[in-house]
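Below are the chains, spelled out letter by letter.
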Amino acid sequence: MVKTVECPHCGRPVPWTPDSRWRPFCSERCRLIDLGDWLEERHRLPADDSETPGEDAPDSTETPVRH
């Protein structure tokens, strides 16, 4: 039995085989649309600005040490 996955863009079933050229996408079109979404930062994860730097985080005013 061949495993199938849903195309991340359109939801069509895609067989998970070496013959599925664009897997996990169903076509080059869906792959390029998804790539464009990444390039336009539509898949961006929200930043958690409430975090404070830890003790081991470098201070931005500190001069880096060169060896």
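The structure this text deals with has already been given above.
Structural notes, computed from the coordinates. (Residues numbered from 1 in each chain as written. Predicted model: local features only at pLDDT ≥ 70, side-chain atom pairs only at ≥ 80, totals over all residues. Heavy atoms only, no water.)

## Quick notes on helix α1 (residues 28–39)
Inclusion rule: Helix and strand labels come from DSSP, where a helix needs a run of H or I of at least four residues and a strand needs a run of E of at least two; each type is numbered from the N terminus. Expected span of a helix, by definition, is 1.5 Å for each gap between consecutive residues, and there is one gap fewer than residues. The rule is simple: take the accessible area with a 1.4 Å probe, protein chains only, and divide by the maximum for that residue type; under 20% is buried, over 50% is exposed, in between is partly exposed. By arc we mean the arc of the directions from the helix axis to the C-beta atoms, nothing more.
The end-to-end C-alpha separation of α1 is 16 Å, in line with the 16 Å expected for twelve residues at 1.5 Å each. For α1, the set of buried residues is Cys30, Asp34 and Asp37. The buried residues of α1 occupy an angular sector of 55 degrees when projected down its axis, which confines them to one face. Seen from the buried face of α1, the exposed residues on the opposite side, beyond 90 degrees, are Arg29 and Leu39. A positive phi of about 60 degrees marks glutamate 41, the residue just after α1.

## A look at the pattern of salt bridges
Heads up, the condition is: In what follows, salt bridge is the name for a side-chain nitrogen of Lys or Arg lying within 4 Å of a carboxyl oxygen of Asp or Glu.
Evaluation of the coordinates by the stated rule reveals three salt bridges. In this structure, arginine 31 and glutamate 28 form a salt bridge, with 3.8 Å as the shortest nitrogen-oxygen distance. Taken as a pair, arginine 31 and glutamate 28 lie in helix α1 at a separation of three residues, close to a single helical turn. Here glutamate 28 falls in the partly exposed class, since its relative accessible area comes to 38%. Taking the shortest distance from any N to any O, the salt bridge between aspartate 37 and arginine 42 comes out at 2.7 Å. The class of aspartate 37 is buried, set by a relative accessible area of 16%.

## Regarding the environment of tryptophan 22
Basically, it comes down to this: In what follows, residue pairs with any heavy atoms lying within 4.5 Å of each other are defined as contacts.
If you trace the backbone, tryptophan 22 turns up in the loop between β2 (13–15) and α1. Residues tryptophan 22 and cysteine 7, spaced 15 residues apart in sequence, show a C-alpha to C-alpha distance of 9.6 Å. Excluding residues that lie within four positions of it along the chain, tryptophan 22 makes contacts with Ser27, Glu28 and Arg31.

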